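An overview of the molecular structure
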Amino acid sequence: MVFITGLSMGGTLTLYMAGMYPDLIAGAIPINAAVYLHSPDMAMLAYGAETPEMVPGIGSDIKKSGVTELAYEQTPTAAISQLHALMGVTHDLLERVACPTLVFQSRDDHVVKPGNAEFIMAHLGTEEKRLIWLENSYHVATLDNDKELIAEETTAFIKTHA
């Protein structure tokens, strides 16, 4: 049995894999996943004619004091266009997700708009789905105040569906 989970773009990849391989994935657990950004600035970077090769990286959107994420200082703009493509394909694959799905979303996320979780829930193909709102974490929830909740709920989800 294969269970898949990921944070941020990893969460988007989790949903992508569950949609592409519905017969192989026993359960999906996306954390702060994005299927849209609604960010004109990011769209311009992704597909603009005259964009820089690199832009400042995104990292450490963490509420918990004293915790930092190991992240790149810069992001290649080519990666931003790839992210847009991945989100678009994943958006269209959501209805093919047939496995039980546990969605985590930080209410106060400065990277991924929390409305992504509601959109994902509304468009998943599976009837067996649950959304857990993270009330005490920002985007990097797996390093933040709700990390124990994520671990406990993920473990329980896998045990229930294994």
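Preceding block: the structure.
Read on for an overview of the structure.

Details of the nonpolar core
Formed by 17 residues in total, the largest nonpolar core has its most connected members in L15, A18, L94, C99, V103, I120 and L124. If one sorts the elements of this core by residue count, helix α4 (residues 115–123) sits on top with 3 residues. Aside from chain neighbours lying at most four places away, what touches C99 is A18, I25, A26, G27, A28, T126 and E128.

Quick look at the pairing of strand β5 (residues 101–106)
With 6 of 6 residues buried, β5 is to be regarded as a mostly interior element. Sheet topology note: the strand β2 (residues 25–31)/β5 ladder contains 2 bridges and is parallel. Counterpart to A28 in the pairing with β5 is T101. One ladder, built from 6 bridges, connects β5 with strand β6 (residues 129–134); its direction is parallel. Its bridge partner lying in β6, F104 is registered against I132. Crossover connection from β5 via α4 to parallel β6: handedness right-handed.

A closer look at the packing of helix α1 (residues 9–20) against helix α3 (residues 77–93)
It is the contact of α1 with α3, at a shortest axis distance of 9 Å, that shows an interaxial angle of 45°. Relative to α3, the element α1 lies oblique. Viewed along their axes, α1 and α3 form a crossing whose handedness is left-handed. Contacts from M9, T12, L13, L15, Y16, G19 and M20 of α1 reach α3 at L83, L86, M87, V89, T90 and L93. Class assignment for the residues of the contact of α1 with α3 results in 10 nonpolar, 3 polar and no charged.

A closer look at the sheet that holds β5
Ordered in space as β1-β2-β5-β6, the 4 strands form an open sheet in which the pairing is parallel. Each of the sheet's edge strands pairs with one partner strand only, and the pair in question is β1 (2–7) and β6. Between one strand and the next, the sheet's axes are offset by a mean angle of 10°, whatever the strand orientation. Here β1 pairs with β2 via 6 bridges, running parallel.

So, the pattern of salt bridges
Where charged atoms from two side chains of opposite charge approach closely, those side chains can pair. For the coordinates displayed, the defined rule picks out 2 salt bridges. For R130, the salt bridge identified is with E153, shortest N-O distance 3.0 Å. Of this pair, R130 sits in strand β6 while E153 is found in helix α5 (residues 147–161), placing the two residues 23 residues apart along the sequence. Classification of R130 by relative accessible area gives partly exposed; the value is 42%. On the accessibility criterion, E153 (21% relative accessible area) is partly exposed.

Observations regarding the pairing of β2
Burial within β2 is extensive, with 7 of its 7 residues counted as buried. Each parallel crossover has a hand, and for β1 linked through α1 to β2 it is right-handed.

Comments concerning the environment of L102
Relative to the helices and strands, L102 is located in strand β5. The class for L102 is buried, based on a relative accessible area of 1%. Sequence-wise, L102 and P76 are 26 residues apart; in three dimensions their C-alpha atoms are separated by 31 Å. Excluding residues within four positions of it along the chain, L102 makes contact with A28, I29, P30, R130, I132, E153, T154 and F157.

Rules behind the numbers
- Residues numbered from 1 in each chain as written.
- Predicted model: local features only at pLDDT ≥ 70, side-chain atom pairs only at ≥ 80, totals over all residues.
- Heavy atoms only, no water.
- Core = buried A, V, L, I, M, F, W, Y, C linked by side-chain atoms within 4.5 Å.
- Buried < 20%, exposed > 50% of the residue type's maximum accessible area, 1.4 Å probe, protein only.
- Helix = DSSP H or I, 4+ residues; strand = E, 2+ residues; numbered from the N terminus.
- Contact = heavy atoms within 4.5 Å.
- Pairing = 2+ DSSP bridges.
- Right-handed = clockwise from strand over helix to strand, strands pointing away.
- Axes fitted to C-alpha atoms, helices over the stretch in contact; angles between N-to-C directions.
- Parallel < 35°, antiparallel > 145°, perpendicular 65-115°, else oblique.
- Left-handed = near helix turned anticlockwise from the far one by under 90°.
- Nonpolar A, V, L, I, M, F, W, Y, C, P; charged D, E, K, R; others polar.
- Salt bridge = Lys/Arg side-chain N within 4 Å of Asp/Glu carboxyl O.

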